[in-house]
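Close look at the chain arrangement
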Amino acid sequence: MKKKLTGIIAFGIFVLSTSVWSAETVMQTDNGGLNSLRGYQQISEINKSEALKRVPRDHSTVDRNYVQQPPVIPHSTRGYQVNLNANKCLSCHSFKNAGAMGATKISVTHFETREGTTLSDVSPRRYFCLQCHVTQADAKPLVENTFRPVESLQ
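How each quantity is defined
- Residues numbered from 1 in each chain as written.
- Predicted model: local features only at pLDDT ≥ 70, side-chain atom pairs only at ≥ 80, totals over all residues.
- Heavy atoms only, no water.
- Core = buried A, V, L, I, M, F, W, Y, C linked by side-chain atoms within 4.5 Å.
- Buried < 20%, exposed > 50% of the residue type's maximum accessible area, 1.4 Å probe, protein only.
- Contact = heavy atoms within 4.5 Å.
- Phe/Tyr/Trp six-rings, centres within 6.5 Å; stacked < 30°, edge-to-face > 60°.
- Helix = DSSP H or I, 4+ residues; strand = E, 2+ residues; numbered from the N terminus.
- Polar contact = N/O pair within 3.5 Å; in protein donor to acceptor, adjacent residues only side chain to side chain.

1. Topic: the nonpolar core
Membership of the largest hydrophobic core is limited to 5 residues, which are Leu90, Ile106, Phe111, Val122 and Tyr127. For Val122, the residues in contact, after removing those within four places along its chain, are Leu90, Ile106, His110, Phe111 and Tyr127.

2. Some remarks on the packing of aromatic side chains
Counting across every chain of the model gives 2 aromatic pairs. For the pair Phe95 and Phe111, a centre-to-centre distance of 5.5 Å together with 90° between the ring planes defines the contact as edge-to-face. With a gap of 16 residues between them, Phe95 in the loop between helix H2 (90-93) and helix H3 (98-101) and Phe111 in the segment after H3 connect regions that are remote in the sequence. Where Tyr127 meets Phe128, the ring centres are 5.1 Å apart and the plane angle is 90°; that geometry is what we call edge-to-face. Owing to a relative accessible area of 18%, Tyr127 belongs among the buried residues under this scheme.

3. Points about unusual backbone geometry
Peptide bonds are, in most cases, trans, and in most cases residues other than glycine have a negative phi. The backbone of Gln68 sits at a positive phi, close to 70°, despite the residue not being glycine. Exposure remark for Gln68: the relative accessible area of 72% places this residue in the exposed category.

4. Some words on the environment of Asn83
Residue placement: Asn83 occurs in the loop between strand E2 (39-41) and H2. Look at Asn83 and you get partly exposed, because its relative accessible area is 26%. If we skip the residues at most four places from it in the chain, Asn83 touches Tyr127 and Phe128. A polar contact is formed between the side chain of Asn83 and the backbone nitrogen of Asn85, at a distance of 2.8 Å.

Below is the structure:
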């Protein structure tokens, strides 16, 4: 019985040491990287940051491609503070400031609650502008785009 137990323990140590060696070998070659549209990256590597995309200086508005599409932002928003205490977008786009700033007024839909009640200020569900509106950038698409705008908008 003692000999059989010793053999089982020895076999267990062999299996354990083999699996540790295998794990180390795998970790040296591939530590669980991530394959994305931007290519394969090892998780442990410090990867170079993507270059910042060029944002055209204030230019005309960009046409929409479908009904209810949030308009894209035709200027840089880098450094804009939009949080519970401040909303930099409203300093130009609010009804009060838009005329003086030469900016587009925010839509009246941004003052409505889910239930359709109109508020005197921007609805909390529409306060965080950058959730729907994105800055237009000079960036190449990650995948081929064959999208066609709705015919009525062409």
